[in-house]
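Coordinate analysis (summary)
Listed below, chain by chain, are the residues.
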Amino acid sequence: MNKRAITEHPIHDIVANRWSPRSFDPTAVLVPADLAPAFEAARWAPSANNLQPWRYIVGFRGDETFGKIVEDLSGFNAGWAPDAGALVVAITNTLTASGRDNAYARYDLGQSVAHFTIQATANGHMTHQMGGFDVDALTIALGVSEPWEIVSLIAVGALGDPNRLPEERRESETGPRERKPLAEVVTGL
Ligand SMILES: Cc1cc2nc3c(=O)[nH]c(=O)nc-3n(C[C@H](O)[C@H](O)[C@H](O)COP(=O)(O)O)c2cc1C
């Protein structure tokens, strides 16, 4: 299956080849050492005032944390994401060191997650970010409290058979990836 981005200009292979599958191989196992480089890359993301507001909680398929995350997945995510080898909870600190609102808390977390996904891709893993989960329930289940906020999840694993997905999802799984034209998203290039 070729999901490589069809680009208007040449870009790095890792960026072109990253995509978000929903077909994960439920037999492929991940261990902490597999994901350490991706978390290392996430750690080295830039952030406003170098506050590094991000924190991550990772569950590996079969452990208690993974089970708690799976319980709070919404809708269709509950169908495919449990096949991932690991589920990562992406959390940010909404306050600065002086207790003020950190306007860049979620921005910086997203940038750190982007570093995570690129390094994971470079290491041969597939990633799929998710916003579809019960954030309140997961916040309680994982004992996360203010000023920390769960923002998103990342499924990480090995590519599985798209035929295991419900029929209506197979087309998007195997079809080409789409983006707005560059001229629409950049002014002045
Ligand atoms: C913050 C965020 C939330 C997302 N939430 C979901 C989700 O709940 N379920 C899902 O299947 N995909 C989700 N996605 C995946 C996007 O749909 C996907 O990244 C987008 O369609 C582009 O596809 P690509 O990553 O393969 O290029 C999410 C992505 C991001 C960044």
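Note: the structure precedes this text.
Residues numbered from 1 in each chain as written. Predicted model: local features only at pLDDT ≥ 70, side-chain atom pairs only at ≥ 80, totals over all residues. Heavy atoms only, no water.

Considering the sheet that holds strand S4 (residues 148-157)
In a beta sheet, neighbouring strands pair by backbone hydrogen bonds and run either parallel or antiparallel. Defined as follows: In short, DSSP must find at least two bridges between two strands for them to pair. Counting from the N terminus, the helices are DSSP H or I runs at least four residues long and the strands are E runs at least two residues long. With axes taken as lines fitted to C-alpha atoms, and helix axes fitted only over the stretch in contact, angles between N-to-C directions fall between 0 and 180 degrees.
One open sheet accounts for 4 strands, arranged S1-S2-S4-S3; its pairing is antiparallel. In this open sheet, the two strands that pair with only one neighbour each are strand S1 (54-60) and strand S3 (126-130). On average, each strand axis in the sheet is inclined to that of its neighbour by 25°, with strand direction left out of account. Pairing of S3 with S4 involves 5 bridges; the strand directions are antiparallel. For Gln129, the partnering residue across the bridge sits in S4 and is Ile154.

Remarks on the pattern of salt bridges
Spelled out, the test is: When a carboxyl oxygen of Asp or Glu is within 4 Å of a side-chain nitrogen of Lys or Arg, the pair counts as a salt bridge. Burial classification: accessible surface area is computed with a 1.4 Å probe over protein chains only, and a residue below 20% of its type maximum counts as buried, one above 50% as exposed, and the rest as partly exposed.
Per the counting criterion, the structure on display carries 5 salt bridges. Here Asp13 makes a salt bridge to Arg4, at a shortest N to O gap of 3.0 Å. Judged by its relative accessible area of 32%, Arg4 falls in the partly exposed class. A salt bridge links Lys68 to Glu64, with the shortest nitrogen-to-oxygen separation between them at 3.6 Å. Note that Lys68 and Glu64 are positioned in helix H3 (residues 64-71) at a spacing of 4 residues, about one turn of the helix. Here Glu64 falls in the exposed class, since its relative accessible area comes to 61%.

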